[in-house]
Amino acid sequence: GRIINNVPDDEKVYMCYQKGQDGYDHTTLREKGVFETLDKAGYNYENLATLYSDYMRDKAMNNAEDWITKYGEQVTVIPCCNDESAMGTLQAYQAAGLADKIHITGIDANQDALEEVKKGNLACTVMQNGLAQAKWAAASAYDACINGTTETKGVDVPFELVDATNIDQYLK
């Protein structure tokens, strides 16, 4: 529930969503996760637009520029499919002088996004723990080589929310 903190329940939040690239499962799953989470938490929101950013900064910036032109300050939250899209969105809002009016979120915990979280320009990012994923992959490969295992169990490596409360743990 950290995307829409400190907003009265009766106040509608207007948002737009930067979607990844068409045709990928993770694009669909990330979008589904955003809206299911908001719905389950009972947020009063309206998504005004969803556009493909193709996980690219420049395309996300163009999308955000279009939203600024169309919606002005009405949009206050933009969840993004990844940090590159979040950075492009931030650049558009900074250029328009509206960065202090928007809450932008990303996924990946890239170094430049972490620095923007630290500065207060991005609301948060989410880290996919690559080290934990690599350990699982190595253990599965070892098991296959040593024991001849052909099927592996799925392991859920939880995502880690990175925001102002814990940013220093993630900055290099």
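Small disclaimer: the values here were computed from a predicted structure and weren't measured.

Q: Tell me about the packing of aromatic side chains, and name the residues and values.
A: Within the structure shown, the criterion is met by two aromatic pairs. Considering the side-chain rings of Y17 and F35, the 5.6 Å spacing of their centres and the 75 degrees angle between planes classify their relative orientation as edge-to-face. Pair noted here: Y17 is in strand β1 (residues 13-19) and F35 is in helix α1 (residues 25-41), with a separation of 18 residues, a long-range link. The same class applies to Y17 and to F35, which are both buried. One aromatic cluster is present, built from ring pairs that chain together Y17, F35 and Y45.

Q: Outline α1, supporting the account with residue identities and numerical values.
A: Here α1 spans 24 Å end to end across 17 residues, near enough to the 24 Å set by a 1.5 Å rise per residue. Where α1 is concerned, the buried positions are T27, R30, E31, V34, F35 and L38. For α1, the arc enclosing every buried residue in end-on projection is 115 degrees, short of the 170-degree limit, so these residues lie on one face. Looking at α1, the residues exposed on the side facing more than 90 degrees away from the buried face are D25, L29, K40 and A41. In the core, the buried residues of α1 are packed alongside β1, β2 (45-52), β3 (77-79) and β5 (125-128). In the stretch just after α1, G42 is the one whose phi turns positive, near 80 degrees.

Q: Mind laying out the state of the cysteines, listing which residues take part and the relevant values?
A: Using the criterion set out here, one finds zero disulfides in the structure. Residue C124 stays outside any disulfide, its sulfur separated by 10 Å from that of C80, the closest cysteine. Using a relative accessible area of 7% as the deciding quantity, one classes C124 as buried.

Q: Go over the packing of helix α3 (residues 83-95) against helix α4 (residues 111-119), please, and point to the residues and values.
A: At a minimum axis separation of 9 Å, α3 and α4 run at an interaxial angle of 50 degrees. Relative to α4, the element α3 is oriented oblique. Taken as a pair, α3 and α4 cross one another with a handedness that is left-handed. Residue-level inspection shows D83, E84, M87, L90 and Q94 of α3 in contact with α4, the latter providing D112, A113 and E116. Classifying every residue of the contact of α3 with α4 gives three nonpolar, one polar and four charged.

About the thresholds
- Residues numbered from 1 in each chain as written.
- Predicted model: local features only at pLDDT ≥ 70, side-chain atom pairs only at ≥ 80, totals over all residues.
- Heavy atoms only, no water.
- Phe/Tyr/Trp six-rings, centres within 6.5 Å; stacked < 30°, edge-to-face > 60°.
- Helix = DSSP H or I, 4+ residues; strand = E, 2+ residues; numbered from the N terminus.
- Buried < 20%, exposed > 50% of the residue type's maximum accessible area, 1.4 Å probe, protein only.
- Expected span 1.5 Å × (residues − 1).
- Arc of directions from axis to C-beta.
- Contact = heavy atoms within 4.5 Å.
- Disulfide = S-S within 2.5 Å.
- Axes fitted to C-alpha atoms, helices over the stretch in contact; angles between N-to-C directions.
- Parallel < 35°, antiparallel > 145°, perpendicular 65-115°, else oblique.
- Left-handed = near helix turned anticlockwise from the far one by under 90°.
- Nonpolar A, V, L, I, M, F, W, Y, C, P; charged D, E, K, R; others polar.

Taken by themselves, the reported measurements are silent on function.
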